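The residues making up each chain are set out below.
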Amino acid sequence: LDQMHAASVTDTLTGLPNRRHLEEHAPALWARSSRENLLLASLVIDLDHFKQVNDEHGHAAGDVLLRRVARALRATVRADDVVARTGGEEFVVLTLVSSPDPVLTLAERLRAAVRAVDTAAHPTVSIGIALSRGPAQDPIDATWRLIDRADVALYEAKRRGRDRSVLLDPS
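Not measured: the values here are computed from a predicted model.

Quick word on helix H4 (residues 59–76)
Helix length check: H4 (18 residues) gives 26 Å between terminal C-alpha atoms against 26 Å at 1.5 Å per residue, within 8%. The complete set of buried residues in H4 reads Gly62, Leu65, Leu66, Val69, Ala70, Ala72, Leu73 and Thr76. Seen end-on, H4 carries its buried residues on one side only, within an arc spanning 165°. More than 90 degrees from the buried face of H4, the exposed residues found are Ala60, Arg71 and Ala75. Where the residues of H4 are buried, they touch strand S1 (39–47), helix H3 (50–57), strand S2 (82–87), strand S3 (90–97) and helix H5 (100–115).

Considering the layout of surface pockets
Put simply, the largest pocket is a space of about 150 Å³. Taken together, 13 residues line the largest pocket, and the ones lying closest to its centre are Asp48, His49, Val53, Ala121 and His122. Counting residues per element, the lining of the largest pocket draws most heavily on H3, at four residues. Looking at side-chain class alone, the lining of the largest pocket contains six nonpolar, five polar and two charged residues.

Basis of the calculations
Residues numbered from 1 in each chain as written. Predicted model: local features only at pLDDT ≥ 70, side-chain atom pairs only at ≥ 80, totals over all residues. Heavy atoms only, no water. Helix = DSSP H or I, 4+ residues; strand = E, 2+ residues; numbered from the N terminus. Expected span 1.5 Å × (residues − 1). Buried < 20%, exposed > 50% of the residue type's maximum accessible area, 1.4 Å probe, protein only. Arc of directions from axis to C-beta. Contact = heavy atoms within 4.5 Å. 1 Å grid on protein atoms, 1.4 Å probe; cavity = no way out; pocket = protein on both sides within 12 Å on 5 of 7 lines; lining within 4 Å. Points joined across faces, edges and corners; volume = space filled by probe spheres on them. Nonpolar A, V, L, I, M, F, W, Y, C, P; charged D, E, K, R; others polar.

Structure follows, in structure tokens:
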């Protein structure tokens, strides 16, 4: 049963947690946010021009890139942060912070880690960031709403030229 559960919350390509894992950990993150008076930050991370990588280098190269980026992201976040692959070339990091400054610093560290990934593709990422404070009556719904807000910021990062992070709502 433990193996089946682990498989159900893990992305098979990257080995990162998946969407189900995010939902399982949402209640604890919101509770800690409220208890410790911290902000819950969502960083939505999207590989820039990933379709070009697949088109120019093949899908196998795209898979290698996704695995390497996943390792770089995991190595950059704290042990209690949640980093997950939510689909395609998109990843989410959930972290608790005392103010916007640490999450902006983390976003820049994540961008640098991806730029340092050794592949012919020379990857970059765009990152959208949103912040919220607990408690949340429905932590799973609140988590997806927070991720949706970060997704709006991600599209602004892409609109501004990619390879950047954007925090639209520092509240």
